[in-house]
Amino acid sequence: LVCHRMDTTQEHEGVLFESVRKLAMSKQPAHVRLIATLDALSEMIRAKGSPLQPEPYFLSLLVFLDNFISQESNKDEAEAVTHLFALVLPKVRASLLKATYMDTLRKIIAILKAHPDWPSSGKSLVDAATSMQLVVRPEDSDATRALFDVLLSLTLHANLKLRKFTGNCIVSLLKQENSTVSARKHMVEALAKFVHLEVRQLGQHDTPSVPALQLLGVVRPAMPLLPRAELVEIMEQLCQLFAIHDPSVTNELLRTLGSMLSSPDKKLLSSPVQAWSAIKTIITHQPNQADVGPTVVFAEVVSQGYQAYARAFPDKMAKKVPPAVSLYMTMLAHESEEVQKAAQNGLKTILKAGVTNQMIEQAASSPDSLVNIVRSLQSGLTPMYKDSWRFVLQLFAVMFRRLGRSASPLMDDVIRTFDNMNNMRELDVVHDLRGSLYEALGAAVEAVGPRVFLGILPLNLLDKNDSRVWLLPILREHVRGASIGFFGQQVLPMANALAERIAAVDGVAFHAGWVPPAVSSTDNNTVERHTLFLTYSQVWDMFPAFCNAPVDIPQAFPMAAKPLGDFLSSGPVLLHAICSGLTNLIEKNREIVTADAGDVDTQTNMAEAQANIKTLARYAPNFLPILFNSFTTLSTSAHIKSASGSSGELTVLTHVIEAFLAISEPKSIKELFETAVVRLLSATTTRTQPEEDDADDMTDAHPRHKPKRTDEQIETDAKIYALLDLLHLFVSHVDQDSVSKLFRVIKPQLKDTDALLQKKSYKILVSITRTQPDFVKSNLKKIRKILVEAINKCSSRAKQARLRCLLEIMRHLRSSVKTEKLPPNDFMRTTFIPALVPDAILCVKEANRKCREAAYDLLVEMGLMMHEAGGTSGASATPGLMEYLGLVVAGLAGSSPHMMSASVVALARLVYEFRELIPEAFIVQAISTMIILIQADNKELAKSVIGFLKIATTSFPAAMQQCMPTFLDALASCSEEQKEEYKYGLKVLFERMARKFGFDSFEGRVPPEFQKLVTSIKRQQQKKHARDAAHAAQGTRGKATGKAKAKSPLESLMSGIRNRKYEHEFIDSDDEEGEEEHKGKRDKGKQRAGHHIIEGGEDDEPIDFLDLASARRITSSNPHAAGRTKGPSHAFSQQKDGKFVIDDPEETEEMKRKRANKNRKQPDILDDLMDEQEQSLQRRNKVAKMKRSRDEDDYEAEDEEDGGRISVDVDGDVGMGGPSRPVARSSYDIARQKKAKMQEKAQANIQTGAQFRSSRAGGDMKKGGLDPYAYIPLNPSNLNKRNKHRAVGQFKSLVAHAQKGARTGSKLNKLNKKHRR
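Presented here is a report on the structure given in the accompanying data block. (Residues numbered from 1 in each chain as written. Predicted model: local features only at pLDDT ≥ 70, side-chain atom pairs only at ≥ 80, totals over all residues. Heavy atoms only, no water.)

### Here's the deal with the packing of helix α24 (residues 433-456) against helix α25 (residues 471-478)
Here is step 1: Axis separation between α24 and α25 bottoms out at 9 Å; the angle between their running directions is 80 degrees. Overall, the two elements α24 and α25 adopt an arrangement that is roughly perpendicular. Residues Tyr438, Leu441, Gly442, Val445, Glu446, Phe453 and Leu454 of α24 pack against Leu471, Ile474, Leu475 and His478 of α25. (Axes fitted to C-alpha atoms, helices over the stretch in contact; angles between N-to-C directions. Helix = DSSP H or I, 4+ residues; strand = E, 2+ residues; numbered from the N terminus. Parallel < 35°, antiparallel > 145°, perpendicular 65-115°, else oblique. Contact = heavy atoms within 4.5 Å.)

### Section: the side chain of Thr769
Here is step 1: By secondary structure assignment, the location of Thr769 is in helix α38 (residues 755-771).
Here is step 2: Since its relative accessible area comes to 1%, Thr769 is described here as buried.
Here is step 3: In this structure Thr769 touches Val776, Cys805, Glu808, Ile809 and His812, once residues within four positions along its chain are discounted. (Buried < 20%, exposed > 50% of the residue type's maximum accessible area, 1.4 Å probe, protein only.)

### Some details on unusual backbone geometry
Here is step 1: Cis geometry marks the peptide bond from Ser408 to Pro409; its omega dihedral reads 10 degrees.
Here is step 2: Looking at where Pro409 falls in the secondary structure, it is placed in helix α21 (residues 407-410).
Here is step 3: With a phi angle near 50 degrees, Asn460 is a residue other than glycine that sits in the positive phi range.
Here is step 4: Topologically, Asn460 is positioned in the loop between α24 and α25.
Here is step 5: For Ala549, which is not a glycine, the phi torsion comes out positive at approximately 55 degrees.

### A look at the environment of Gln304
Here is step 1: Residue position: Gln304 is located in helix α15 (residues 292-312).
Here is step 2: Linking Gln304 and Gly258, residues 46 residues apart in sequence, is a C-alpha distance of 7.1 Å.

### Focus: the pattern of salt bridges
A side chain of one charge can pair with a side chain of the opposite charge when the charged atoms of the two come close.
Here is step 1: The full count for this structure, using the stated rule, is 28 salt bridges.
Here is step 2: Lys670 is the partner of Asp735 in a salt bridge, and the nearest nitrogen-oxygen pair spans 3.7 Å. Within this pair, whereas Asp735 is found in the loop between α36 (711-730) and α37 (736-746), its partner Lys670 is found in helix α34 (residues 666-685), the two being separated by 65 residues in sequence.
Here is step 3: Two residues, Glu940 and Lys845, come together in a salt bridge whose shortest N-O distance is 3.5 Å. One end of the pair, Glu940, is in helix α47 (residues 939-955); the other, Lys845, is in the loop between α42 (827-843) and α43 (849-869), and 95 residues separate them in sequence. (Salt bridge = Lys/Arg side-chain N within 4 Å of Asp/Glu carboxyl O.)

### Notes on a positive patch on the surface
Here is step 1: On the surface, a cluster of positive charge is made up of Arg744, Lys747, Lys782 and Lys785.
Here is step 2: Relative to the assigned elements, Arg744 resides in helix α37. (Patch = residues over 30% accessible without salt bridge, like charges linked within 9 Å, V, L, I, M, F, W, Y side chains within 5 Å. Areas by Shrake-Rupley, 256 points an atom, 1.4 Å probe, with all protein chains shown as cover. Lys, Arg positive; Asp, Glu negative; His and termini not counted. Charge placed at Lys NZ, Arg CZ, Asp CG, Glu CD.)

As structure tokens, then:
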């Protein structure tokens, strides 16, 4: 074969060698050789006049295979030829493959046998042989058998790639459905024989674990494809591998055996005898419990086997589960928590699948199996299992839930054992043990029900020695499907007994239905009274749980209705519990009624739920008046006291009233509604109104500026507030006539001066517009008129509700104008919308976020209506939309900066929403106007303008680019204060402009004050791009997500309003960079944490982890990383005192020279003082140093005798050889350092006047507006006789320098006088 490299860019016909052509520009020798071989082969085919089709390539390569059978063949040439042969063979016609089958197979087998050390060529030939087998489907023959035997031998090859690829090919051959019976039979027999032979030969290996793992890697994926007889035979052979006693082999063997039991076709499970034999075989080879890993795998595999057996043969599980529970209980006694957790999970699986319904049903007649299971589990509560109690308790929870009502009396002793465990000290010591105990008790409550549970463990609430108050929270959380009758017969007497005891403590008379107050009025609030009341409250807190899907509503609720009503009327103590329970009763049944009617179980429950609702609705007229009175009383009290403590009670009252209104008859609802309206009218007529002249000033006045109200007025207003809240609940449940009455009542209150009254009236109007479309349609003109008239009367507290009301009105109007076009002189276009626009604009600047969102929604809704009503909708704005934008732009001519700023924000919101409809000419004109406004000296207005320009840059880049020179010129004309204030907002704007237009478009025209800002932004983006490029090169950054499909203009308008996203777009920055930087840091942290580096083999060969030497390739640090040096790496020079010298790149030479002169050391008073202080310290410490030196000499002598070595590192730490470590300091050293720090602190407060010295002339000069001065603070320690000389020396030196300066000054004054003369 002549290998010469031809033009590699030539195109071969078809896509025959497309994968090879992609390697044309590669520099690797193997790829170069492959391209050269392909070119030479194509040239030879052309020379013979044959077409470049798969068949000529196949025949030519088949001839070349003869050259590689001998031992002297070239390995590199063989790799290229066999690779091309494997690529072309699947594309050859089946007839040609059948004709050359025997010859091809003979050559492949010969090469594989002659060169087992050619893994790359072997992989290609195995691929070719498998492809040929799948296409030809030959009959059983010697060549076919020889090929399969060769493939089986290659599954134990030293090369991991070849071994794994051959295993996959064997699985493909076994999966072949259309293979002949004889051929398939031979493959199965050959595989079984191969396993038998290899298992026998494992004893001849020095390390049998490696070939054993290789063998299991071949057998495991092929197991589901084998017949049952061969499967059992191979399983028996594989069980001999347990004798190796290697943890890795045991783990893999257990998983292999488990895959046999859980195979999809369940071949082993077709016979109960064989299936149980397989499980028993695994159990007999239980690994030693000292091996944690194999024991964990064993627990998992055995549980999977039991689960599969239970699904196949549920009637056989009665005698199989008890031994399994005993087996797993022994593993729960293991000291390893990992084994305990695995045993718990496995036993959970067995209990859920193995305790079948048949066993539960037969528990009454033959409970032996369940008794044995429970006894085995009970053994886990002995001290032997102390470390695994929390796992055992969780198993009891599973058992209780599986048995359900059948758990009693079988597990009654278990519940009593739980009661005894509650007082054990270990519950508070072991983590989560008490939680596991309470979970098991809760499961018991759910299983047997509260009646049986309390029969086993009575509460005994009044018995101080045997009280089980701790069970009340468990009952409250876990009671399901109980009986209301049981609550009235058993639980309610307990509550009454507690109430009677509280009455005795308070010294008051007790009667049926008496509810104790939270705090006694007789000053008997002792600990006993407090404890009794808490217990009483906890008992009633169980009532909502008993109302959770009870089974006896039609029978028990009629008897419980009257006591519940009496307790509700007695006060707010039991209000929360009773209202929550009644709400549960109604809502749970309503959910069943509204469920899917196609479900059979739901249909069965639906009849019961309808009967329950009918019973509850019969008592709704009795409960609603009581609930109304409670609601009015609590709400009135809350408004009078301005307290928030009753908000929870008001919430549950609201829910239960709405629930009863939903099931009540319309007649009774109307009667109650009219009663509430009458009471509201009565209260409003007695309410005093302020004087007409002061009405306008009182709407938003501060409370301290409003006239003081009497107690009677406060109580009347609070009653009105409560009635309005109550009527608000009726709106969706009454007819149109009742709504008309309510509208007439609240109509004058929309103009009232009371802000809270306005707010509640507007809320009612919002509910009317949402839930009463017929009323809104017939009274639309009246509602519009009153809303327009009340614009100037609206308070700040009511603005949000008013905007929501207007929004609903606009939506009603939009639905009516979609079919008809509004005339130009219509009331909507000429009066209504123009009157609402200023109010909506001002509301976008409100502090309340919800109010701002409502204003944004209203502005957009009005724009949509004007767009749809002003002409045909399309890809451009209609005259109606442009007319509406003109109304908003008119606000820019407002009299106050606040109005102008709000108009800019509103216009920006509309531009953002209608960006696909507004013409660009309008935006250019708007940007020009904004450029004029930004020059106004108002920070609020400028901030809004910059926000508009951000939106314009994002939505209309062409218009912004056109106006950019004018904008930059306007910035240059702003004052210095304005430029400083605009910097933050302009930073974000410049970033967006740079992303849209590039820095070159505006960098040269930016005012000088912003040049540094633009340079900083440019530098940051360059760093970001460099970082992104580095990440992309390293492959650490994921692929960018594709852009969403663009929507049409109308789709974008109707797709919903995203006000929060708009505010982020308008106010904040485009946080793409910040998010990416944060993500990069997060990814970097992930890459750094918990990774190991695995060094690969030569020639890109994968690591064979079955090789014992592969462990040496794993390291926790990067072996290719450069060595790290200690200390910081920087490019700054350093002074002698350790300070860094950082040069300013913009500093001139003259500035550097001045700085050097300023920093040049000069003698001054402070130097003299420090010298004297140092000499004094040396004198005082001379004796101490002599003593310390003697001690150190002794210490060094001891070190030398011991052979030690004292080393001092760069930081001055002393250590005994090796790394330096801190040395224990004496009390003398600590006191000396403390005193030195105090002296340094005192010296720091000394002001010597050196800062006033002139660097160019003699004497001092004023600096910072201060005359020259010197200051030495008085120190009390100077009064000590020992410190006298030091203090005198300090002041003596100071006075001497002062005198010297005074003499110099007097001389200069004399000279100046002479010159003047």
